[in-house]
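Residue-level structural notes
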Amino acid sequence: MASHALASSVAAVNQSEIWWHGDGVLVRTWPHLVLWYLSARMSCFSGIHVSPEDCCSASGSDPHCWTGAFTQERCCGRNADHRLWSSGGDPTCWSSDFSRDMCCNGAGNDECWDDEGWYSFARCCGGSPAVPSPGGRHANLTALLSVAQSGWCSEPMYFGVCARLWRAGLRRAEQLTDQAVREASLLLAEAWKATGRLHQVGKIFPAFVVSVALHAALFLVDDWWSKQAAPGQLWVDVAELISTYHTHARSMHAADVTRLRIGALDDALRHRVRAHYPTALQVVLAERITATDQGAANFHDALSYAFLSAFQELVEELDALNADFVPIQGTLISLLRYGSFPEGRLSRGKRDVVDNDAEVMVILGKETDLGEALKQLSLALERRGWPPCYIPHVRKGICFSLRHAVPCKIELYFVARDEDSGLIFAERSCSLASGLCEYHPVFPFQQWSGQMPSDVIYPMTRCRVGSGGWHRVLCPHRPLEFLRGWNHGEYRDQSLVVDSPNADRGLCAGLHACPRATLHVRDRCWTLSAASEPCAATCGALGLSFAYSRAEEAEPMVPKLLGAQPRRAQQAWMPLECYVAEEDRFHIAIPPSEASPGVFSQWTLGGDPVVWGKWAFPGCRLSCPCALPDDEAARPAVAGQDSGGGACLALPVLSKDRDRSDERNIRLQREGMVREDLRLLAGYARGLHKQGFASFHAHLREAACVRRIAHILAGDPLAGLSRMD
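Presented here is an overview of the structure given in this document.

1. Here we look at the nonpolar core
With 82 residues, the main nonpolar core has F311, L314, M361, L412, I457 and F482 as its most contacted residues. Setting aside residues no more than four positions away along its own chain, L314 makes contact with V360, L377, L381, I410 and L412. In this structure, C55, C75, V212 and L285 belong to the second largest nonpolar core, which totals 79 residues.

What follows is the structure, encoded as C-alpha cells:
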C-alpha cells in the first residue's frame, strides 16, 4: 500500500497534536504501530485513559473522548464481543516466576494474582483462546473465497456480490476468529491492496471494507507482533488497513458496526495495542535517543533545555489540577544545589548531571483514586502533545515528553495524606471496627516505619527552577530531612563523608564568603564603589553590609581591586581609600581616630568607624570593606554540629544511578572537584538563599560538608565523589 494514503488519513485526524511521527509516516515495527495507533486516534476509544465506560455514560460528553470521525453516536451502544479479545492478555504480566501457562490455564491459579487487582486474570490472561468453528457452516465464505481468488472482488461490478457473501458468511461464523474468516479477509485485503481498490470499494461499501480490513489487520497483528522481523511493508500495510475505520466511519450505518462486528474488532485491536503500549514507548524512546547526534556541539545544552522544559510543563499542569506535589530524589537535589534541573555548571566547563529523569511525589487525599489522578494529569499533558502516561505498578506513574527534541522520563510516585493523623503514607490497613490503622513500612517511607510526619512536607517552601521568567515549584518544608530518610536513607548513605585527622578545617574559612565581583582579604569582601557613592550602598547592592576595616598603608587595596598600579599614590587622607579615575591617582587610608574633624566632623563623630559606610566624596571611588555573608554561619563547624548524619548532599556525588556513557559524568569522575567548584557551589547556595528559595546554604556549613571541603582543598579532588562503576 502506498504510504501517502496513510499520511492522508493521519493528517485528517482532528486532535490537538500528533506526538508520534515515526520516520516520516513510515511505520516500520510493531512498537511504531502501537504509538501511531494511539497518537492518530485510530479507534473509538484509543486513548490509554479513554474507555467506553467513561465516554458512553450518561455524562459522557468529555471532549477527550471524541474526534471528528468517532462520536458518541457512532461509538456507543454497539455490541462488544469479547471473544475477539483472545490475544494472550497483557504480556508485561509474565516473568521467570509466573508464566501464562501457569496462571491462565483452566480457571487460573490464585497464586498469580495480587490483592490490589493490578495482576488479575482479566488483565493478564485476556480471554479464552479462539477455537475453529465446526465444519459445514462456511458455505458463503467458501463461495467468497472462490470469487476473490478469481479476482472478481476487485472488479466494481462484483463489489456488491462480495459484500453480500461476506455479510452472510459472518452471520454463520460462530467464532469471529475462525479459519474461514481469516482466509477470506486476508485474501480480500491483499487483492484490494494489489489492485489499488481498497478505498474505491470503501466509497461504495464502507462497512464491508472496514470489516474486512479490521479482520485482516487483527490476524496480521496476532501473527507478527512477537516476531523480531516482519516482511517488507507489513506494518505500513496493517496501519493502512486499520485507518479504513477512521476514513469511512462517517459513511457507515450504525447497525453495520454491530452486524459486521466492526465494534468488536475495534475493541480487540485496542485491547492488543494497550497491552503493549509501555514496552513500545520504551523501545521508541531508545530509538529516538540513539538516533540523536550526541556528538553535536550543542547536544548537552539541547538535552538540558528539553528536560527543563518538560519539567516545567509537568509542574504547570499539576498546579492547574490543584495537586499537592513536591520534587523528590535527584530532581530535588538539583534544585537545592543549583536552582535548576537537570544539571549545574562547575568550573572549567565541567557539569554536574544530577538527574537523568525527573521525579515528583504526588500527595493525594486519603480517599483519592490514584488511577483517576494520573488520568487527569495524562490528559492534560496529552493536550500539550505528550503521549499518555501509564502505571507500571502500584503507586507509580510514568510519563515521557516525546514532543521534545530529547524526551525526558517523568516518574510520579503517589502517596496519601491523612490530615487527621498528621501522617503521609504509601500503604496502610485500617480496621472498620476499631478505626485503628497499621502502616506498612514500604518504599519510600521505610525510615519512618511507613508513616512520615506531615510537617516534613508542610508547610511547603519554594524551590527555583531555572533562571528565566518561569522559576518556582513548591518543595518539602524540611528538604534535608526528607532526602536523608527517603528509601531507607538512600541519599544519606551514598553521600557519607569519611573523616580524616589530616584535613585542615581552617582551609574552609572564607570559602563561602565573597561574591565574584569582590576580593576576599583579611575577612572582608573588598570592592570599589562607583564614583561619589558611599560604601554602604555599594556593599548593599551585593547583598552584603558595610563592616569597616582599614586598608594598610603598606598593602593598599586600590591596586589589588584595579588589578594595576595607579599612576600616582598620594598621602593618607581619610579612613577609606579614595581612587580618582580621571586622574588615575588614589589616597591611602588612615585610622578613623586620626581623621581631621573640621569639615568632616559630621562623619567622623570622634572616630566611629561604622559611620564611614555613609560617607562619600565627589569623584571618589572608595575601596569598600564589606562583611562576609552570614559571618557566624561561615565559621567551620565542629563535631556535634551536623544535622546531616555524617552525609553531605550539597556537593556532587557520582552514584551508580548516573549514566556511565555520559561524557559529562566521565569528565567529572576523572577531574573531580577543585576550589573554584566549591566557590561556585557556595555562590549558588547563597544566591538561592537570598532570593528566598530552598537551598543547601546552611547544610554547606555543617560538619560533614566542611570535612569534605577540607579534603578537597587539601589536594584530594576526588574526596567523597565516589564512582559510577
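That was the structure; now back to the text.
2. A short note on helix α22 (residues 663–671)
Listed as buried for α22 are R664, N665, L668 and Q669. Buried residues in α22, looked at end-on, bunch into an arc of 135°, giving them a common side. In α22, those exposed residues whose orientation departs by more than 90 degrees from the buried face are E663 and R670. The elements touched by buried residues of α22 are α15 (299–320), β2 (343–345) and β3 (351–353). Positive backbone phi, approximately 70°, marks G672, located one or two places after α22.

3. A closer look at the state of the cysteines
Taken as a whole, this structure holds ten disulfides when the rule is applied. At a sulfur-sulfur separation of 2.1 Å, the disulfide partner of C463 is C475. With the S-S bond torsion at -130°, the cross-link from C463 to C475 turns out left-handed. Taken together, the residues C463 in strand β12 (residues 461–463) and C475 in strand β13 (residues 473–475) connect sequence positions twelve residues apart. There is no split in this pair, since C463 and C475 are both buried. A sulfur-sulfur separation of 2.1 Å characterises the disulfide bridge that pairs C535 with C624. With the S-S dihedral at roughly -80°, the linkage between C535 and C624 falls on the left-handed side. With C535 in helix α19 (residues 535–541) and C624 in strand β19 (residues 621–627), this residue pair connects regions lying 89 residues apart in the sequence. Neither C535 nor C624 differs from the other in exposure class; each is buried.

4. Side note on helix α16 (residues 329–338)
Among the ten residues of α16, ten are classified as buried, and the element is accordingly described as predominantly covered. Those residues of α16 lying buried are Q329, G330, T331, L332, I333, S334, L335, L336, R337 and Y338. Positive phi shows up at G339, right after α16, with a value of about 70°.

5. Digging into the packing of aromatic side chains
The geometry of an aromatic ring pair is captured by the separation of the ring centres together with the interplanar angle, meaning the angle of the planes. Applying the stated rule across the entire model yields 19 aromatic pairs. Residues W152 and Y158 carry aromatic rings whose centres are separated by 5.0 Å and whose planes lie at 15° to one another, so their mutual orientation is stacked. Seen from their ring centres, W612 and W615 are 5.4 Å apart, and the 70° between their planes marks the pair as edge-to-face. Both residues of the pair, W612 and W615, count as buried. Through a chain of ring-to-ring contacts, three or more aromatic side chains come together here, namely Y413, F443, F482 and W486. Over the aromatic face of W224 sits the side chain of K227, whose NZ or CZ is 5.4 Å from the ring centroid. A cation over a ring is seen here: R417 above Y458, with NZ or CZ 3.6 Å from the ring centre.

6. Regarding the sheet that holds β19
If you walk across this open sheet you meet the six strands as β14-β15-β19-β17-β18-β16, and the pairing is mixed. A single partner strand is all that each edge strand has here, and the edge strands are β14 (519–521) and β16 (568–574). Taken pair by pair, the neighbouring strands of this sheet meet at an average axis angle of 30°, ignoring direction. As defined by bridge partners, strand β15 (residues 524–528) adjoins β19 across five bridges and the pair is classed as antiparallel. Across the sheet, residue T527 finds its bridge partner in β19, namely C624.

7. Quick word on unusual backbone geometry
Note that the residue after F341, namely P342, is joined by a cis bond; omega there is 5°. Structurally, the position occupied by P342 is in the loop between α16 and β2. The phi dihedral of R261 is positive, around 60°, even though this residue is not glycine. Following the sequence through the fold, R261 ends up in the loop between α13 (254–259) and α14 (262–291).

8. Observations regarding the environment of K614
Its location among the elements puts K614 in the loop between α21 (601–604) and β19. With 79 residues separating them along the chain, K614 and C535 place their C-alpha atoms 6.6 Å apart.

What counts as what
- Residues numbered from 1 in each chain as written.
- Predicted model: local features only at pLDDT ≥ 70, side-chain atom pairs only at ≥ 80, totals over all residues.
- Heavy atoms only, no water.
- Core = buried A, V, L, I, M, F, W, Y, C linked by side-chain atoms within 4.5 Å.
- Buried < 20%, exposed > 50% of the residue type's maximum accessible area, 1.4 Å probe, protein only.
- Contact = heavy atoms within 4.5 Å.
- Helix = DSSP H or I, 4+ residues; strand = E, 2+ residues; numbered from the N terminus.
- Arc of directions from axis to C-beta.
- Disulfide = S-S within 2.5 Å.
- Phe/Tyr/Trp six-rings, centres within 6.5 Å; stacked < 30°, edge-to-face > 60°.
- Lys NZ or Arg CZ within 6 Å of the ring centre and 35° of its normal.
- Pairing = 2+ DSSP bridges.
- Axes fitted to C-alpha atoms, helices over the stretch in contact; angles between N-to-C directions.

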